[in-house]
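Here's the letter readout for the chains.
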Amino acid sequence: MSESLNGHIVEPEMQPAVFQEVLNWIYSDRVSEGAIDAMGEYLLLAANKYGCEALKQQCEVELCRGLTVRNASARLVLSDQAEAVQLKEACVDFIKGKAAEVMQSSGWADVAAYNSGSVALEVMAA
């Protein structure tokens with residue numbers, strides 16, 4: 001592989017800092033202090049991509065704890081992209097409790113547009 005020849009790994013779909021944290025997790029079962037707070041959404045996607053289930057669970061828990069009216073829409077879409085069932089359920093429950101506020105937020109249009117509106121329909125059904 002070219003990586004072994006030149007000593008560099010290229011992951012074009014991921015920020016270098018996120019990739020570094022995933023590597024830290026793979027080799028030590030830890031991420032740097034504050035990494036999930038700083039880049040939890042990106043780490044969740046990366047953990048899903050590379051099959052790091054424990055990291056994925058840890059990210060989901062932290063992202064669930066930090067749900068707000070401003071980020072609930074984006075995290076709902078993220079939960080679908082990352083196949084994060086726990087986060088999706090938390091987002092739906094959060095949005096149900098604050099539906100008027102969330103649906104008036106700027107992020108709600110992204111939910112309605114994402115995946116032909118299927119995620120928005122799930123929220124409405126709930």
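Below is a summary of the structure that appears in this document.

Section: the overall build of the protein
Per the secondary structure count, the protein includes 9 helices and 0 strands. When its helices and strands are written in sequence order, the protein yields α-α-α-α-α-α-α-α-α. With the principal axes as the frame, the protein shows a C-alpha extent of 55 × 30 × 20 Å. Taking all 126 residues of the protein together, the buried fraction comes to 40%. Residue pairs at least 24 apart in sequence account for 54% of intrachain contacts in the protein once pairs closer than 6 positions are excluded. Accessible surface, the protein as shown: approximately 7500 Å² in total, 53% of it carbon and sulfur.

What about the packing of helix H2 (residues 16-28) against helix H3 (residues 35-50)?
Contact pair H2 / H3: the axes reach a minimum separation of 9 Å and the direction vectors enclose 70°. Viewed along their axes, H2 and H3 adopt a mutual orientation that is roughly perpendicular. Along this stretch, H2 crosses H3, giving a crossing that reads as right-handed. Along the contact surface, H2 presents Ala17, Val18, Phe19, Glu21 and Val22, while H3 presents Ala35, Met39, Tyr42, Leu43, Ala46 and Tyr50.

Describing the packing of helix H5 (residues 72-81) against helix H6 (residues 85-97)
Packing of H5 against H6 leaves a shortest axis separation of 8 Å and a crossing angle of 150°. Taken together, the axes of H5 and H6 are roughly antiparallel relative to one another. Classified by chirality, the crossing of H6 by H5 is left-handed. Facing H5, whose interface residues are Ala72, Arg75, Leu76, Leu78, Ser79 and Asp80, H6 presents Leu87, Lys88, Cys91, Val92, Phe94 and Ile95.

Some thoughts on helix H4 (residues 53-65)
With 13 residues, H4 extends 18 Å from end C-alpha to end C-alpha; this agrees with the ideal 18 Å at 1.5 Å per step. Residues Leu55, Lys56, Cys59, Glu60, Leu63 and Cys64 constitute the buried set of H4. When H4 is viewed along its axis, its buried side chains cluster within an angular range of 165° and face the same direction. Looking at the packing, one finds that the buried side of H4 touches H2, H3, H5 and H6.

Focus: H2
Taking 1.5 Å per residue, 13 residues should reach 18 Å; H2 reaches 18 Å between its end C-alpha atoms and fits that length. By the burial criterion, the buried members of H2 are Val18, Phe19, Glu21, Val22 and Trp25. Projected down its long axis, H2 shows its buried positions confined to an angular sector of 160°, all on one face. Counted as exposed and oriented over 90 degrees from the buried face of H2: Pro16 and Tyr27. Looking at the buried side of H2, the elements it contacts are H3 and H4. Positioned one or two residues after H2, aspartate 29 has a phi angle of 60°, which is positive.

Focus on the side chain of glutamate 21
In this structure, glutamate 21 sits in helix H2. Setting aside residues no more than four positions away along its own chain, glutamate 21 makes contact with Arg30, Val31, Ser32, Ala35, Met39 and Leu43.

Definitions and limits used
Residues numbered from 1 in each chain as written. Predicted model: local features only at pLDDT ≥ 70, side-chain atom pairs only at ≥ 80, totals over all residues. Heavy atoms only, no water. Helix = DSSP H or I, 4+ residues; strand = E, 2+ residues; numbered from the N terminus. Buried < 20%, exposed > 50% of the residue type's maximum accessible area, 1.4 Å probe, protein only. Contact = heavy atoms within 4.5 Å. Areas by Shrake-Rupley, 256 points an atom, 1.4 Å probe, with all protein chains shown as cover. Axes fitted to C-alpha atoms, helices over the stretch in contact; angles between N-to-C directions. Parallel < 35°, antiparallel > 145°, perpendicular 65-115°, else oblique. Left-handed = near helix turned anticlockwise from the far one by under 90°. Expected span 1.5 Å × (residues − 1). Arc of directions from axis to C-beta.

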